[in-house]
Amino acid sequence: MVNKTEQGQPQAGRFARLRSTLRLLYHSQSPKAQRFQFTVLIVDLAIIAFFVVTPLLRDNPAFLWIDYSIAGLLLLDLAARVLASTDILRWLRQLPVIVDIFILLTLLAPTLFFNLGFLRILRLWTLSRSSNIWRPLKKRGLGGYQDTIQAVINLLVFLFVVTGFVYTAFANRADGIAGYIDALYFTVATVTTTGFGDITLPGTWGKLASIVIMIIGISLFVRLAQSIFRPNKVQFPCPQCGLQKHDPDAVHCKACGHILNIPDQGHD
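No experiment lies behind these values; they were computed from the predicted model shown.

### Some remarks on helix 5 (residues 95–108)
Point 1. Compared with an ideal rise of 1.5 Å per residue, which puts 14 residues at 20 Å, helix 5 spans 20 Å between its outermost C-alpha atoms and is within 8% of the ideal.
Point 2. Taken residue by residue, helix 5 has Pro96, Val97, Val99, Asp100, Ile103, Leu104, Thr106 and Leu107 as its buried positions.

Given below as structure tokens:
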């Protein structure tokens, strides 16, 4: 008769192999892992596209089926990532993971979290926190564009989060925001400080919301402009103080003065 210990050992071995396989797929750079990571990235981008157009699809009879299908995909991805983690508790405390769990809750209970559904676009922000989206750029020598792309992503996330908030909180309350496109139009006009004035938010809370949108929006625009027009930095940690980024031709660390030896194409 086989005892329970002997039965448990093969199961523990299969579970360990599963975690090892997932760890390799999510974190290694083998051709198989890169194909897997690229597939996950494409699926993530398709999910984000669905989140963007969600307000226009809510009345579609197939909306809930798509919603729950995406919830299943996100749940599967989270389960795989937690198994691939070497420190589960530390992984669960990371802000992108917390955001993804919240997004999953809005998908599983779309009626309960109806007014918070616009926060699903934060999935684009959590995706930008993953190294999988930046590795292909760095591999092709385009790592210098990371700050610019990150600034664009931050601005897009802000625009769609604010659009969703404006649509949820102010649509059809008074003259002005009549639909999602109106909310997007108002957000872009406000963030860019264009100030056409043809669409406004009613009441005191509308004015306060407009002020916050303008302040944060113009800050993100300044950040984007800086990332585009300032000289590109290279990722090279200073051995003495740990400063991560320096000018490509820097000889000394600007923080502590330590002599640097930054490799380039002609200096390996």
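### Focus on the side chain of threonine 106
Point 1. By the secondary structure assignment, threonine 106 is in helix 5.
Point 2. For threonine 106, a relative accessible area of 1% puts it in the buried group.
Point 3. Residues within four places of threonine 106 in sequence aside, it is in contact with Asp67, Phe113, Leu116 and Arg120.

### Quick word on the packing of helix 8 (residues 146–170) against helix 9 (residues 180–191)
Point 1. Two elements in contact, helix 8 and helix 9, have axes whose closest approach is 8 Å; the angle formed by their N-to-C orientations is 125 degrees. In terms of axis orientation, helix 8 runs oblique to helix 9. As helix 8 runs across helix 9, the sense of the crossing is right-handed. Contacts between helix 8 and helix 9 involve Phe158, Leu159, Phe160, Val162, Thr163, Val166 and Tyr167 on the former and, on the latter, Tyr180, Ala183, Leu184, Phe186, Thr187 and Val191.
Point 2. Looking at the contact of helix 8 with helix 9 residue by residue, the classes come out as eleven nonpolar, two polar and no charged.

### Details of the environment of isoleucine 218
Point 1. Along the chain, isoleucine 218 turns up in helix 10 (residues 203–229).
Point 2. When the C-alpha atoms of isoleucine 218 and threonine 192 are compared, they prove to be 6.8 Å apart, with 26 residues separating the residues in sequence.

### Things to note about the pattern of salt bridges
Point 1. Enumeration over the complete set of coordinates arrives at six salt bridges.
Point 2. Between arginine 123 and aspartate 77 there is a salt bridge, and its shortest N-O distance comes to 3.5 Å. Note that arginine 123 is positioned in helix 6 (residues 122–128) and aspartate 77 in helix 3 (residues 63–84), a separation of 46 residues in sequence. Side by side, arginine 123 and aspartate 77 carry an identical accessibility label, which is buried.

What counts and how
Residues numbered from 1 in each chain as written. Predicted model: local features only at pLDDT ≥ 70, side-chain atom pairs only at ≥ 80, totals over all residues. Heavy atoms only, no water. Helix = DSSP H or I, 4+ residues; strand = E, 2+ residues; numbered from the N terminus. Expected span 1.5 Å × (residues − 1). Buried < 20%, exposed > 50% of the residue type's maximum accessible area, 1.4 Å probe, protein only. Contact = heavy atoms within 4.5 Å. Axes fitted to C-alpha atoms, helices over the stretch in contact; angles between N-to-C directions. Parallel < 35°, antiparallel > 145°, perpendicular 65-115°, else oblique. Left-handed = near helix turned anticlockwise from the far one by under 90°. Nonpolar A, V, L, I, M, F, W, Y, C, P; charged D, E, K, R; others polar. Salt bridge = Lys/Arg side-chain N within 4 Å of Asp/Glu carboxyl O.

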